[in-house]
Amino acid sequence: MLTDATASSLARLGAAGSRTPIVVAQLGQSLDGRIATPSGESKYINGRAALTHLHALRAHVDAVVVGVGTAVVDNPQLNVRHVSGGDPARVIIDPNGRLTPDLVCLTQGKPRRFVIRADDAVAGHALPDGVEEIRLGRDGRFVPPQAIIAALAARGMRRLLIEGGAVTVSAFIDAGVVDRLHVLVAPILLGSGKPGLVLDPIAQLGDALRPKVEVAVLGDGDVLFDCDLRSTQ
Ligand SMILES: NC(=O)c1ccc[n+]([C@@H]2O[C@H](COP(=O)([O-])OP(=O)(O)OC[C@H]3O[C@@H](n4cnc5c(N)ncnc54)[C@H](OP(=O)(O)O)[C@@H]3O)[C@@H](O)[C@H]2O)c1
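A brief structural summary.

1. Overview of helix 5 (residues 145-154)
So, step 1. Taken together, the buried positions of helix 5 are Pro145, Ile148, Ile149, Ala151, Leu152 and Ala153.
So, step 2. Following helix 5 by one or two positions, Gly156 adopts a phi angle in the positive range, close to 90°.

Structure (structure tokens):
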């Protein structure tokens, strides 16, 4: 069952079928800004309501995008299980061919599955049948998120959920392509572990992103910050 906060967030994302790409990113983190323990364990920092929120987001988009770090460490299913709704396409950004072909999100389920590789990457493992490879050019370390969004839009996927991890979400925010950022803060202190967002350094406080934010306390104590990165306070 969706919370009012989740229903409101989905309404703010707009109706399905939009011709304009919409990019929503999410991160679940501790009070001290960690998304995983030092060993990479992140299931589950957040509570049940946040998990339901994540699945509602998945059900609302055309494609869910994760970095290869998350794909390898979590081996996520990336499907919709906790709410009703169809499974989105799955996209793994793996510029260097690091993933192994046995990942659940590549081998199970019926949605379209994509792997983004850099055009200069050495051939990695062969991909399972039906998985589509998209080759894109790099700009420094990263494949420009704009190019990833354009490539997915050209294949009919205009509503994207950038689900993690922090490196991937940070690159999309630094590129200025995220419309809404959902940060789900759990009342837990890890004290160590993988940091959340790490963005390009700013010279002064006035350069910080200060989006308009809708805040909601979820039933089990997590707090949702639904940030509109297209508008500032
Ligand atoms: N709490 C949460 O909400 C949440 C969500 C997801 C994951 N997690 C946790 O986060 C950890 C993994 O996150 P992470 O931040 O370490 O890694 P990640 O974001 O999952 O993956 C990062 C890697 O993906 C590739 N990548 C992503 N965007 C790229 C781009 N635009 N261009 C080129 N390459 C790109 C790069 O691969 P290369 O390294 O090959 O260059 C990059 O190092 C795991 O422990 C997982 O459990 C937590």
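2. Let's talk about the pattern of salt bridges
So, step 1. Evaluation of the coordinates by the stated rule reveals eleven salt bridges.
So, step 2. Across the salt bridge formed by Glu132 and Arg112, the nearest N and O atoms sit 3.0 Å from each other. Of this pair, Glu132 sits in strand 6 (residues 131-136) while Arg112 sits in the loop between helix 4 (104-107) and strand 5 (113-118), and the two are 20 residues apart along the sequence.
So, step 3. Residue classification places Glu132 among the partly exposed positions, given a relative accessible area of 27%.
So, step 4. Taking the shortest distance from any N to any O, the salt bridge between Arg117 and Glu133 comes out at 3.0 Å. Separated by 16 residues along the polypeptide, Arg117 in strand 5 and Glu133 in strand 6 bring together distant segments of the chain.
So, step 5. Judged by relative accessible area, Arg117 falls into the buried class, the value being 2%.
So, step 6. Taking the relative accessible area as the measure of exposure, Glu133 reaches 37% and is therefore partly exposed.

3. Things to note about the sheet that holds strand 7 (residues 159-164)
So, step 1. Read from one edge to the other, the open sheet built from nine strands follows the order 6-5-4-3-7-1-8-11-10, with strand pairing classed as mixed. In the strand order of this sheet, the two ends are held by strand 6 and strand 10 (211-217), each with one partner. On average, each strand axis in the sheet is tilted by 20° relative to the strand beside it, whichever way the strands run.
So, step 2. Bridge analysis of strand 5 against strand 6 gives six bridges, and the strand direction is parallel. Looking at the pairing, Val115 lines up with Glu133 of strand 6.
So, step 3. The sheet strands contacting helix 2 (residues 48-60) are strand 1 (22-30), strand 7, strand 8 (180-186) and strand 11 (223-232), and the helix crosses strand 7 at an angle near 145°.

Calculation criteria
Residues numbered from 1 in each chain as written. Predicted model: local features only at pLDDT ≥ 70, side-chain atom pairs only at ≥ 80, totals over all residues. Heavy atoms only, no water. Buried < 20%, exposed > 50% of the residue type's maximum accessible area, 1.4 Å probe, protein only. Helix = DSSP H or I, 4+ residues; strand = E, 2+ residues; numbered from the N terminus. Salt bridge = Lys/Arg side-chain N within 4 Å of Asp/Glu carboxyl O. Pairing = 2+ DSSP bridges. Axes fitted to C-alpha atoms, helices over the stretch in contact; angles between N-to-C directions. Contact = heavy atoms within 4.5 Å.

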